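# Descriptive structure summary
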Amino acid sequence: MSGAAIAIGAGIVLAILARRIPALWRDGLMTPVVEMYARRPVAGSAAIALLALPFYVWVARRIFNGHPLLIDEIVQVKQALIFAAGRLWLPSPQFPEFFSTLHMVDSGGKVYSQFPPGGPAMLALGALVGAPWLVGPVCGALAVLANGAMVRLAEPRRAVALGATALFAFAPFTIFMSGSHMNHVPTLMWTLIAAASLAAVMASPSPRPWLAFAGGIGFGAAATIRPVDALAFALPAALWYLWRALRDRRRWADAFASAAGVAIPMAVMMWVNWRTTGGPLLFGYEVLWGPGHGLGFHRAPWGLEHTPARGVELINVYFLRLERYLFETPVPSLLPVIGTLLLTRKLSAFDRYLLASASLLGVLYFAYWPDGFFLGPRFFFSLITVLVLFAARFPALVAERFGRRDAYRVTIYAMVVSALVAVVPGPNVLGYLFTFTVVGHFLSWRGAL
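My aim in this report is to walk through the structure given alongside it, one point at a time. (Residues numbered from 1 in each chain as written. Predicted model: local features only at pLDDT ≥ 70, side-chain atom pairs only at ≥ 80, totals over all residues. Heavy atoms only, no water.)

In contact at an axis separation of 8 Å, helix α6 (residues 135-154) and helix α9 (residues 184-203) are set at 20 degrees when each is read in the N-to-C sense. For the element pair α6 / α9, the angle class is roughly parallel. Judged by the twist between their axes, the crossing of α6 over α9 is left-handed. Residue-level inspection shows Gly 136, Cys 139, Gly 140, Leu 142, Ala 143, Ala 146, Asn 147, Ala 149, Met 150 and Leu 153 of α6 in contact with α9, the latter providing Val 185, Pro 186, Met 189, Leu 192, Ile 193, Ala 195, Ala 196, Ala 199 and Ala 200. (Axes fitted to C-alpha atoms, helices over the stretch in contact; angles between N-to-C directions. Helix = DSSP H or I, 4+ residues; strand = E, 2+ residues; numbered from the N terminus. Parallel < 35°, antiparallel > 145°, perpendicular 65-115°, else oblique. Left-handed = near helix turned anticlockwise from the far one by under 90°. Contact = heavy atoms within 4.5 Å.)

Here the focus is the sheet that holds strand β3 (residues 110-113). Where strands meet in a sheet, backbone hydrogen bonds hold them as pairs that are either parallel or antiparallel. Pairing within the open sheet is antiparallel, and its three strands lie in the order β1-β3-β2. The two strands at the open ends of the sheet, each matched to only one other strand, are β1 (90-91) and β2 (104-107). Across two bridges, β1 lies against β3 in antiparallel orientation. Directly across from Pro 91, in β3, lies its bridge partner Lys 110. In this fold helix α4 (residues 71-84) packs onto β1, β2 and β3, with an angle of close to 125 degrees to the strand it touches most, β3. (Pairing = 2+ DSSP bridges.)

The subject of this paragraph is helix α1 (residues 2-20). For α1, spanning 19 residues, the distance from its first C-alpha to its last is 28 Å, which sits close to the expected 27 Å at 1.5 Å a residue. Buried within α1 are the following residues: Gly 3, Ala 4, Ala 7, Ala 10, Gly 11, Leu 14, Ala 15 and Ala 18. The buried residues of α1 occupy an angular sector of 140 degrees when the element is viewed end-on, so they sit on one face. Away from its buried face, by an angle of more than 90 degrees, α1 presents the exposed residues Ser 2, Arg 19 and Arg 20. (Expected span 1.5 Å × (residues − 1). Buried < 20%, exposed > 50% of the residue type's maximum accessible area, 1.4 Å probe, protein only. Arc of directions from axis to C-beta.)

Here is the structure:
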């Protein structure tokens, strides 16, 4: 509350001063940039992705030293090295007590990771060139490209589309997760490829089966990495394809093409499962921990009892962490998202798809017992594309509802102050003092004080 009060209070002060000092506010300041993006949106998204990639690489190398840190990362890198060597598993060691690792399955004479094969397979691409750490940054940059394509179709206002693309690329949660070995980033990349394809197919007046097929590949590939996240976005898409096909028989081509795309990566995953666990839909974590590892309200493998009340607690904790870790600003990260939901008068069809997917993701993790925290609420990392889009819309909606005067200027100034506070060491008292010192010197230089 204090951080938001400082940022909004500074916004109010600056908006009042702007009435007397025209130099503090310039209408159309970003118009040339927006027009350039509107002329070449693909090149604009590519430029943002290329600008973001060094940040992801810097985090991977300088902060994480190119090494996996969390046990989940370590085990998936180990499985990636097994894949890169041309094997699906390693033979059980003669003395497993000297070699056993948490989250590695040792059963039936085979040693392999508990995780679905898609994540380690992505890391194996990096392992083949001796750089598994590079997979996260590259997938993060490709996710920026896919998100840009999706946003251009979902958002008609080019300024908002540009803002959402940049916000997605440079959100701290995106930057730090993209520098890790976690499988959330490849999952989001494939999901965004699928969502962008879905948006293009639904916007087309005629069937586009090859594009629907590409989207199906994206959903299927995401399912081989994180099945729950993929299900949250794929199920509403499947229902949308079905609804379209029932209204227009020509659209059955899109529906069947999408289903065929999903089936290909899933078939590969089931073949790997069959060769390792012995069942096409039996995953390593079920072999290792038993059925208590799955979704539902029951006793978890580690002994705790997962109840609906605990599920509500975890979902609440994830949203509270998003407030902090998504943008890392003194203003809670979800405040502009909530403002957008309140000011939006009519949701588009694609908005409804995104909100349905986000809601389903919340419901699924409501029934999942672990507390997923690493660099932020990692189980909700797939929500970032929805959240940044809605956050980017907030200033435009304020301008549409209240005009481009005081309320709009307060919003813009508050966001700028909040961003300034975020980039200094903080947010803390020193950060606030630093920000106000800079603003004070600027105003003094302009002759205001």
